[in-house]
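Structural overview
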Amino acid sequence: MLKATDHAAPERRRFKGRVAVVTGASAGVGRATALALGREGARVGLIARNAQALEAVAGQIRAAGGEALALPLDVADAAAVEAAAEQVESRFGPLDLWVNAAMVTVFSPVSELEPDEVRRVTEVTYLGSVHGVLAALRRMRRRGRGTIVQVGSALAFRGIPLQSPYCAAKHAIRGFVSSLRAELKHERSRIRLTEVHLPGVNTPQFGWARTKIPQQPRPVGQPCRPEVAADAILRAARHPNRDWWLGSATAQTVLGQAVAPALMDRIMAAKAWEGQFTGQPGEARPGNLFETVAEGHAVSGPFAAEAKGEAMLTEGPITRMAAVAAGALGFMLLGALLARR
């Protein structure tokens, strides 16, 4: 069971002196991850749009014993991401770790989406991750080493209503990462690539994302704390296996979609629509889709009272094999019972 700030003691300072970049570092999971790296003494490049928020994170990292460089930019701008990677190496030295956590979303039925909204979610959430991967690879290839962590989601496997552009972008990232993983294996590269798929997390996005729904949005089910997600990301960076799943809800979603997609359609239709409503009246708002918001940059969002402080972290391949073995055993037992009857 992984708890917030639950690092194994011998590994606690493993990132001391290491050079890392975190995108989406001004709030939520990205901010929690940057602060966790800072506590371990890392030298962290911080990427997000809000300069003031990044400087606040940088100050916290320095106070904790790490070093930090605020790099306010939009990850949709490939040239800006490339320039930021160059700045980080000029300031701190060779890049060891890149964490892609930047995202935006829109809470809206598909029928009410505008093309520019879909394009913007794609540019930030999908292409922003691609830009980060490319910038990291250009530097890691020179030395034949480095680790890239892609922050994924259960929604990379199963779309839910009211967040179609975000779900699509997360699906696209998973396809891109799969292709890159195969290429790195073909090259016998020592560059490590891993994904961490998260459940709902209590981040500020629910208070500032663009919405077109009649109530204030919320994560489906009980969310976990961003610090738990950050610890999972650091665990994956230390042990960059193929992919990691955080929380039972993620495992249930991934396996359920693989085994019974039609059933998952019905479950999502019945539960995931109202499951994203708080019951509190809301109104359409522009949110942070095209411009950063002035306030609210923090680690946690508005659901701290119900957010879980621990969650199970499992390796995706092992969980898949365990599920297959359990299913096979169940069929064998059922066959034996039918044969006896």
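What counts and what doesn't
Residues numbered from 1 in each chain as written. Predicted model: local features only at pLDDT ≥ 70, side-chain atom pairs only at ≥ 80, totals over all residues. Heavy atoms only, no water. Core = buried A, V, L, I, M, F, W, Y, C linked by side-chain atoms within 4.5 Å. Buried < 20%, exposed > 50% of the residue type's maximum accessible area, 1.4 Å probe, protein only. Helix = DSSP H or I, 4+ residues; strand = E, 2+ residues; numbered from the N terminus. Contact = heavy atoms within 4.5 Å. Pairing = 2+ DSSP bridges. Right-handed = clockwise from strand over helix to strand, strands pointing away. pLDDT = per-residue confidence, 0-100. Axes fitted to C-alpha atoms, helices over the stretch in contact; angles between N-to-C directions. Polar contact = N/O pair within 3.5 Å; in protein donor to acceptor, adjacent residues only side chain to side chain.

Quick notes on the nonpolar core
The biggest cluster of nonpolar side chains holds 42 residues, and the ones touching the most others in it are Leu37, Leu46 and Leu246. With eight residues, helix H7 (residues 226-238) is the largest single contributor of residues to this core. Sequence-distant contacts of Leu46, that is, excluding residues within four places in its chain, are made with Val22, Ala25, Ala34, Leu54, Val57, Ala58, Ile61, Ala68, Leu69, Ala70 and Leu71. Formed by 41 residues, the second largest nonpolar core is a distinct cluster that contains Val81, Ala84, Ala135 and Ile148.

What to know about the pairing of strand S2 (residues 19-23)
Burial within S2 is extensive, with five of its five residues counted as buried. Residues Val19, Val21 and Thr23 of S2 are buried on one face, and the alternating residues Ala20 and Val22, pointing to the opposite face, are buried as well. The pairing of S2 with strand S3 (residues 43-48) spans five bridges and is classified as parallel. Within S3, the position partnered with Val21 by the bridge is Gly45. In this view, the connection linking S2 to its parallel neighbour S3 by way of helix H1 (residues 28-39) has right-handed handedness.

Quick word on the confidence of the model for the protein chain
For the protein chain, the mean per-residue pLDDT works out to 90, and 89% of the residues sit at or above 70. Below pLDDT 50 for its whole length, residues 323-338 participates in one contact with residues either more than four positions away or in separate chains.

Description of the sheet that holds strand S11 (residues 243-246)
Read from one edge of the open sheet, eight strands run S4-S3-S2-S5-S7-S8-S11-S14, paired in mixed fashion. The open sheet is flanked by strand S4 (67-72) and strand S14 (313-315), the only strands paired with a single partner. Strand-to-strand, the axes of this sheet are offset by a mean angle of 20°, without reference to chain direction. Pairing of S11 with S14 involves three bridges; the strand directions are antiparallel. When the bridges of S14 are listed, Trp245 appears paired with Thr314. The sheet contacts of helix H2 (residues 51-63) involve S3 and S4, and relative to S4 the element is tilted by about 175°.

Looking at the environment of Thr23
When you line up the elements, Thr23 lands in strand S2. Considering only alpha carbons, one finds Thr23 and Ser129, 106 residues apart in sequence, at a separation of 8.6 Å. Those residues in contact with Thr23 that lie beyond four places of it in its chain are Gly30, Ile47, Val75, Trp98, Val99, Asn100, Ala101 and Ala102. Of note is the side chain of Thr23, whose polar atom sits 3.1 Å from the backbone nitrogen of Ala102.

Focus on the side chain of Asn50
Structurally, Asn50 is set in the loop between S3 and H2. At 2.8 Å, the side chain of Asn50 forms a polar contact with the backbone nitrogen of Ala53. Leave out the neighbours within four places in its chain, and Asn50 touches Thr292, Val293, Ala294 and His297.

So, the side chain of Thr147
Relative to the helices and strands, Thr147 is located in strand S7 (residues 147-153). Note on Thr147: relative accessible area 12%, which makes it buried. If near-sequence neighbours (up to four positions away) are discounted, Thr147 is found in contact with Asp96, Leu97, Trp98, Met140, Arg192, Ala237 and Pro240.

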